[in-house]
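So the chains spell out like this:
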Amino acid sequence: MQEQNLKKVAILGRPNVGKSSLFNRLARQRDAITSDVSGTTRDIKKRIVTISGNRDFEVIDTGGIDYSSELFSKVAEFSMKAAKMADVIIYMVDGKSIPDEEDRELFYQLQQLNKPLALVVNKIDNDKEEERYWEFLEFGADITFPMSVSHNRYFNDFYKWLESYIPEREEKPELALEAAEEDDPFGEFVTDINSTVEEDDKEISIAIIGRVNTGKSSLLNALLGEERSVVSDVAGTTIDPIDESIEYNDYKVTFVDTAGIRRRGKIVGIEKYALGRTEAMLEKADIALLMIDATVGVTELDERIAGLIEKFRLGALIVINKWDIRGEKTYEEAVDDIRDELKFLHYAPLITISAKTGMRVHKILDQIVAIYERYKQRIPTSKLNDILREAMTRHHVPSHNGAVVKIKFATQYETKPPKIALITNRPDGLHFSYKRYLANYIRSKFDFEGVPLDIVARKRGERFEEE
């Protein structure tokens, strides 16, 4: 691949509209730093990415265009230079606000460059918010897309537009011996996540969640208080989140949004508060530590909070706290009760601790590292399809309304969490119970403890991105 021949796609916009998040989504990893603080991105960031399997281009993340200070004006100058060098321009606006005159003027400046230009209205997180998107049509853009980068919504049309300007990769012919064609559904080559170079990923984001009075603050203090170097204690204003980090086994382990855990205050509507803050934390996390009070057991609110772990598809560890004062309950009884109430977290390991006395707290960091290694696990395509053959031999794929359903091959197309696509002739005809059977069979052959496993059915050539 010759980089100088690649199309350049620049992402521009004012501060805090989601440019770095879109950059990360295209690059399929958390590379650019994203935050709610305006002006986080100050440098131009570039990365070569691939969409649709064989369309390569260079995506450019720029700093927010803001002329309010000398520093930001310099950043804006670099951003506009990047636009002039680019072949395709994406201009992002914040869909949670009304159209802004400054946005309109900047967009018109970019239009004068006479390059393919799309207006992306970000933060349209649900159907109701689409009403605000229509207001941005007054910009008169040739193409306008509603989008929610953080929720991965409305991407299909955007990708189709991008594909129209990104040529397919010119594949060099390879010399190969011709073999007799066999009816082998796994004999086709597929480009999957294993074909990309894995970068050293040594940062883990942890959310400690649970009802009030389950011991979240005590556990956080116990973990931070161990004899290891504290990397950061980044404080904001009274309403800003605080992320605290420690180094452990060559990893930087960051406990996200700990302000609400450590600060006590008057709370009105405790259930709404607990669920709302939990959701905000989990959006930034890789792994959730779900705190359960051993003296109380699983309550309805515990179930609702735990359901958010499943919603955000995170790694999970169930931490049963106050084990030292649990009473007569045995370990088996406690585990059976939790497993019965939290069936959807069947993959999550459990650990009993006392955050107050420090009992077994030291084992949690080892569990975190082990779960994260599985969370970013890549299964070689050949091994995955060997296991798929075994599973299909044991239980054949059921037909759908009398029609034969064939699974041609499987490929892992994402990590964190691992996501596997089954390439089949009838994606809609693959029954959910059979997908669940395959997921359980794959779990029995590979170590996915603490990690959700997503399996989707797709036709050959269909995008793996889920709406």
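Just above, that's the structure.
Residues numbered from 1 in each chain as written. Predicted model: local features only at pLDDT ≥ 70, side-chain atom pairs only at ≥ 80, totals over all residues. Heavy atoms only, no water.

A. Representation of the sheet that holds strand β5 (residues 117–122). Within the open sheet, the 6 strands sit side by side as β2-β3-β1-β4-β5-β6. Their pairing is mixed. Each edge of the open sheet carries a strand with a single partner, namely β2 (45–51) and β6 (144–146). The sheet shows a mean angle of 25° between the axes of neighbouring strands, direction not considered. As paired elements, β2 and strand β3 (residues 55–61) share 7 bridges and run antiparallel to each other. Within β3, the residue paired with Val-49 across the bridge is Phe-57. On top of the sheet, helix α5 (residues 156–163) reaches β1 (7–13), β2, β3, β4 (88–94), β5 and β6; it is set at about 155° to β4, its chief contact. (Pairing = 2+ DSSP bridges. Helix = DSSP H or I, 4+ residues; strand = E, 2+ residues; numbered from the N terminus. Axes fitted to C-alpha atoms, helices over the stretch in contact; angles between N-to-C directions. Contact = heavy atoms within 4.5 Å.)

B. Local environment of the environment of Asn-122. Tracing the backbone shows Asn-122 in strand β5. Under the relative-accessibility criterion, Asn-122 is labelled buried at 4%. C-alpha of Asn-122 to C-alpha of Lys-19: the two residues are 103 residues apart in sequence and 9.1 Å apart in space. Not counting residues up to four positions away in its chain, the partners in contact with Asn-122 are Val-17, Gly-18, Met-92, Val-93, Asp-94, Gly-95, Lys-96, Met-147, Ser-148 and Val-149. Within the structure, the side chain of Asn-122 is placed 3.1 Å from the backbone nitrogen of Val-149, a separation counted as a polar contact. (Buried < 20%, exposed > 50% of the residue type's maximum accessible area, 1.4 Å probe, protein only. Polar contact = N/O pair within 3.5 Å; in protein donor to acceptor, adjacent residues only side chain to side chain.)

C. Up close: helix α3 (residues 101–111). Of all the positions in α3, only Asp-103, Arg-104, Leu-106, Phe-107 and Leu-110 are classed as buried. Angular distribution of buried residues about the axis of α3 spans 165°; they occupy a single face of the element. Sitting at the head of α3, Asp-100 places a side-chain oxygen 2.7 Å from the backbone nitrogen of Glu-102. (Arc of directions from axis to C-beta.)

D. Structural view of the sheet that holds strand β16 (residues 454–458). Sheet architecture is open: 3 strands sit in the order β14-β15-β16, paired in mixed fashion. Looking at which strands have only one partner, the edges of the open sheet turn out to be β14 (407–414) and β16. Pairwise comparison of adjacent strand axes, ignoring direction, gives a mean angle of 25° for this sheet. As defined by bridge partners, β14 adjoins strand β15 (residues 419–424) across 6 bridges and the pair is classed as antiparallel. Looking at β15, one finds that Phe-409 is bridged to Ile-423. Packing against the sheet, helix α12 (residues 381–394) makes contact with β14 and β15, and its axis sits at approximately 135° to β14. Sitting on the sheet, helix α13 (residues 432–445) is in contact with β14, β15 and β16, with an inclination near 130° to β16.

E. Just the environment of Gln-377, in detail. Residue position: Gln-377 is located in the loop between α11 (362–375) and α12. Sequence-wise, Gln-377 and Thr-415 are 38 residues apart; in three dimensions their C-alpha atoms are separated by 6.5 Å. Every residue in contact with Gln-377, bar those within four places of it in the chain, is listed here: Gln-412, Thr-415, Pro-418, Phe-446, Asp-447 and Phe-448.

F. Representation of the pairing of strand β10 (residues 251–255). Taken across its 5 residues, β10 has 4 buried, putting it largely inside the fold. Where strand β7 (residues 203–209) and β10 come together, 4 bridges link them in parallel fashion. What sits directly across from Ile-204, in β10, is Val-253. Of the strand pairs in this sheet, strand β9 (residues 243–248) and β10 are connected by 5 bridges, and their pairing is antiparallel. Across the sheet, residue Ser-245 finds its bridge partner in β10, namely Thr-254. In this structure, the hairpin formed by β9 and β10 is closed by a connection of 2 residues, where Asn-249 is found at a positive phi of approximately 50°.

G. Representation of α13 within the structure. The first and last C-alpha atoms of α13 sit 20 Å apart over 14 residues, in line with the 20 Å expected at 1.5 Å per residue. Within the sequence span of α13, burial applies to Tyr-434, Tyr-437, Leu-438, Ala-439, Tyr-441, Ile-442 and Arg-443. Of the surrounding elements, those touching the buried residues of α13 are α12, β14, β15 and β16. (Expected span 1.5 Å × (residues − 1).)

H. Spotlight on the environment of Ile-166. For Ile-166, the position within the fold is in the loop between α5 and β7. In sequence terms Ile-166 and Val-9 are 157 residues apart; their C-alpha atoms lie 9.4 Å from each other. Sequence-distant contacts of Ile-166, that is, excluding residues within four places in its chain, are made with Lys-7, Val-9, Arg-55, Asp-56 and Phe-57.

I. Up close: the pattern of salt bridges. If you walk through the whole model with that rule in mind, you get 19 salt bridges. In this structure, the salt-bridge partner of Arg-169 is Asp-56, at a minimum N-O distance of 2.6 Å. Here Asp-56 lies in strand β3 and Arg-169 lies in the loop between α5 and β7, a separation of 113 residues in the sequence. Note that Asp-302 and Arg-211 form a salt bridge whose closest N and O atoms lie 3.1 Å from each other. With Asp-302 in helix α9 (residues 300–312) and Arg-211 in the loop between β7 and α6 (216–224), the pair connects residues that are 91 residues apart, well separated along the chain. (Salt bridge = Lys/Arg side-chain N within 4 Å of Asp/Glu carboxyl O.)

J. The arrangement of the pairing of β16 in detail. For β16, a buried count of 5 out of 5 residues is recorded, marking the element as mostly surrounded by other parts of the structure. Covered by surrounding structure in β16 are Asp-454, Val-456 and Arg-458 together with Ile-455 and Ala-457, the residues of both alternating faces. In terms of strand pairing, β15 meets β16 through 5 bridges, oriented parallel. Bridge pairing links Ile-420 to Ile-455 in β16. Chirality of the crossover, the property in question, places the unit of β15, α13 and β16 among those that are right-handed. (Right-handed = clockwise from strand over helix to strand, strands pointing away.)

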